[in-house]
Amino acid sequence: MSHPLFRDNGSHEHLIFLEKPDKMRLIRTICLSLLLVAGLPWAGHAAAVVEAAAKSAEVAGKTEAPEGLPLYSVEIARIGPLPITNSMVVTWVVALALILFARISMRKMAEVPSGSQNLCEWLVESLFGFLEGIIGHALAKKTFWFFATIFLFILFLNWFGLIPGVGTVGWGHATEHGFHLTRPWLRGANADLNMTLAMSMVFFACWIVWALQTNGIGGFIKHIFGAKGDTAGAMKVLMFVVFLAVGLLEVVSILFRPVSLSFRLYGNVYAGENMLEAMAHIVPSLSWIIPIPFYFLEILVGLVQALVFMLLTAVFTLLICQHDESHGEVHH
């Protein structure tokens, strides 16, 4: 069944926005996804075990508190049993800003877009065209809502963390060396392992659903463990054993994907924010100018990390959803 956002021109389907309800459907889906993603730090609060261990070690004097950005986010409030950390506040602010921008931009739609509507439609169409060239038209239509949401959310979370005041304004106390900040109100969301781990786990759940929808349970198992190629006799038995071992290694690789995805994004963002803080303290009297070149670098890094996360998850999805017989069709 053809998606209402797409029209078949006889040879190929193209992304063509038709009427107002069709234009709004994809934007609303992304906005809903942003609302769900904004609550992910609570879902990923398993990483709090690591944070609690680090805090306990510092309190007990087993380790020294690290200079610069702490490894863990700071709890600034609580709703019943649920903690609210400074990184959660950033996720909510960015998600709300993106949703409001989309709603305001698409509120009064014109046939010839201009201003914020033009920017909004350009983002959606450009992202879809980019993904279509990598994972194919059919798979892009099916999964675009997730990849577009995750790319935009990671990108603007990374850039929001560069705004002056994020991580530098909050509660603290005066010391002989000046004011010491102990509980910043805001923290870069992707510098919190809870957030990156939760996004990775959501992708892992979506990946399993898409894989089972495409292959079925039997096809999914065969895709991982099945022998490739046509063999017979003793060679067929040998290839079965070889691909069974390869399949076991593949299972281990699949299970570690959420870990590698979360730590890759967390490590790069955390290191970037620590670098900015270190540059600001090299010469205190010039702390307002020395970090500026590194801010431009971090703007680029923020874009690259959002692209890397989206592309890795898209390629992982393509590998499990494509079939040898339709390989050419997927890469049309």
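Reading guide: rules and limits
Residues numbered from 1 in each chain as written. Predicted model: local features only at pLDDT ≥ 70, side-chain atom pairs only at ≥ 80, totals over all residues. Heavy atoms only, no water. Helix = DSSP H or I, 4+ residues; strand = E, 2+ residues; numbered from the N terminus. Buried < 20%, exposed > 50% of the residue type's maximum accessible area, 1.4 Å probe, protein only. Contact = heavy atoms within 4.5 Å. Areas by Shrake-Rupley, 256 points an atom, 1.4 Å probe, with all protein chains shown as cover. Pairing = 2+ DSSP bridges. Core = buried A, V, L, I, M, F, W, Y, C linked by side-chain atoms within 4.5 Å. Phe/Tyr/Trp six-rings, centres within 6.5 Å; stacked < 30°, edge-to-face > 60°. Polar contact = N/O pair within 3.5 Å; in protein donor to acceptor, adjacent residues only side chain to side chain. Salt bridge = Lys/Arg side-chain N within 4 Å of Asp/Glu carboxyl O. 1 Å grid on protein atoms, 1.4 Å probe; cavity = no way out; pocket = protein on both sides within 12 Å on 5 of 7 lines; lining within 4 Å. Points joined across faces, edges and corners; volume = space filled by probe spheres on them. Nonpolar A, V, L, I, M, F, W, Y, C, P; charged D, E, K, R; others polar. Axes fitted to C-alpha atoms, helices over the stretch in contact; angles between N-to-C directions. Parallel < 35°, antiparallel > 145°, perpendicular 65-115°, else oblique. Expected span 1.5 Å × (residues − 1). pLDDT = per-residue confidence, 0-100.

## A closer look at the overall build of the chain
Thinking step 1. Helix and strand counts for the chain stand at ten helices and six strands.
Thinking step 2. Within the chain, the proportion of its 332 residues that are buried is 40%.
Thinking step 3. Long-range contacts, defined as pairs at least 24 residues apart, comprise 66% of the intrachain contacts of the chain with a sequence gap of at least 6.
Thinking step 4. In the structure as shown, the chain presents an accessible area of about 18000 Å², 70% of it carried by carbon and sulfur atoms.

## Here's the deal with the pairing of strand 3 (residues 75-79)
Thinking step 1. Relative to strand 4 (residues 82-85), strand 3 runs antiparallel, the two being bridged by four bridges. Across the sheet, residue Ala-77 finds its bridge partner in strand 4, namely Ile-84.
Thinking step 2. Between strand 3 and the antiparallel strand that follows it, strand 4, lie two residues; Gly-80 among them carries a positive phi value of about 60°.

## Quick look at the nonpolar core
Thinking step 1. Core analysis: the largest hydrophobic core is formed by 53 residues, its most contacted members being Phe-144 and Phe-147.
Thinking step 2. Among the elements of the structure, helix 4 (86-105), helix 5 (115-135), helix 6 (137-160), helix 7 (193-225), helix 8 (234-282) and helix 9 (292-321) are those that each provide at least two residues to this core.
Thinking step 3. In terms of residue count, the dominant contributor to this core is helix 6 (14 residues).
Thinking step 4. Setting aside anything within four residues of it in sequence, one finds Phe-147 in contact with Leu-131, Ile-135, Trp-210, Met-310, Thr-313, Ala-314 and Thr-317.

## Examining the packing of aromatic side chains
Thinking step 1. Scanning the model with the defined rule gives 13 aromatic pairs in all.
Thinking step 2. Geometrically, the ring pair formed by Phe-146 and Phe-147 is edge-to-face, given 5.5 Å between the ring centres and 75° between the ring planes. We note that Phe-146, like Phe-147, is buried.
Thinking step 3. Arranged with centres 6.5 Å apart and planes meeting at 35°, the rings of Phe-203 and Phe-316 form a pair that is tilted. Separated by 113 residues along the polypeptide, Phe-203 in helix 7 and Phe-316 in helix 9 bring together distant segments of the chain. For the pair Phe-203 and Phe-316, a shared accessibility class is recorded, and that class is buried.
Thinking step 4. Taken together, the ring pairs in this structure connect Trp-145, Phe-146, Phe-147, Phe-203, Trp-210 and Phe-316 into an aromatic cluster.

## What to know about the side chain of Thr-85
Thinking step 1. Inspection of the secondary structure puts Thr-85 in strand 4.
Thinking step 2. Overall, the relative accessible area of 4% leaves Thr-85 in the buried class.
Thinking step 3. A polar atom in the side chain of Thr-85 sits 3.1 Å from the side chain of Ser-87.
Thinking step 4. Among all residues touching Thr-85, those that are not within four sequence positions of it are Ser-73, Val-74, Glu-75, Ile-76 and Asp-192.

## Re the pattern of salt bridges
Thinking step 1. Inspection of every chain in the model, using the stated rule, returns two salt bridges.
Thinking step 2. In this structure, the salt-bridge partner of Glu-250 is Arg-257, at a minimum N-O distance of 3.3 Å.

## Observations regarding empty space enclosed by the protein
Which parts of space are left empty comes out when a probe the size of a water molecule is rolled across the atoms.
Thinking step 1. For the coordinates displayed, the defined rule picks out three cavities of 30 Å³ or more.
Thinking step 2. Reported here for the largest cavity is a volume of approximately 90 Å³.
Thinking step 3. Every residue along the wall of the largest cavity is listed here: Asn-158, Trp-159, Gly-161, Leu-162, Val-269, Glu-273, Glu-298, Val-301, Gly-302 and Gln-305.
Thinking step 4. Considering each element in turn, the lining of the largest cavity owes the most residues, four residues, to helix 9.
Thinking step 5. Of the residues contributing to the lining of the largest cavity, the split by class is four nonpolar, four polar and two charged.
Thinking step 6. The calculated volume of the second largest cavity comes to roughly 40 Å³.
Thinking step 7. Lining the second largest cavity are Leu-261, Arg-264, Leu-265, Gln-305, Val-308, Phe-309 and Leu-312.
Thinking step 8. At the level of elements, helix 8 and helix 9 are the ones that each hand at least two residues to the lining of the second largest cavity.
Thinking step 9. No other element matches helix 9, which puts four residues into the lining of the second largest cavity.
Thinking step 10. Taken together, the residues of the lining of the second largest cavity break down into five nonpolar, one polar and one charged.

## Focus: the packing of helix 6 against helix 7
Thinking step 1. Running from N to C, helix 6 and helix 7 point in directions that differ by 170°, and their axes come no closer than 11 Å. Regarding the angle of helix 6 to helix 7, the classification is roughly antiparallel. Two secondary-structure elements touch here, helix 6 through Lys-142, Thr-143, Trp-145, Phe-146, Phe-147, Ile-150, Phe-153, Ile-154 and Leu-157 and helix 7 through Met-195, Met-199, Val-202, Phe-203, Cys-206, Trp-210, Gln-213 and Thr-214.

## Some points on the environment of Phe-220
Thinking step 1. By the element assignment, Phe-220 lies in helix 7.
Thinking step 2. Discounting chain neighbours no more than four positions away, the residues touching Phe-220 are Trp-207, Ala-211, Leu-212, Asn-215 and Ile-320.

## So, helix 6
Thinking step 1. Given a rise of 1.5 Å per residue, 24 residues ought to cover 34 Å, and the 32 Å separating the end C-alpha atoms of helix 6 matches this to within 8%.
Thinking step 2. Of all 24 residues in helix 6, 18 are buried, a share of seventy percent or more.

## Digging into the confidence of the model for the chain
Thinking step 1. Summing up the model confidence of the chain, the mean pLDDT is 78 and the portion of residues at 70 or higher is 74%.
Thinking step 2. Ranking the helices and strands of the chain by mean pLDDT puts helix 9 first, with 93, and helix 10 (residues 327-330) last, with 41.
Thinking step 3. Every residue in residues 325-332 is under pLDDT 50, and counting partners more than four places away or in other chains gives twelve contacts.

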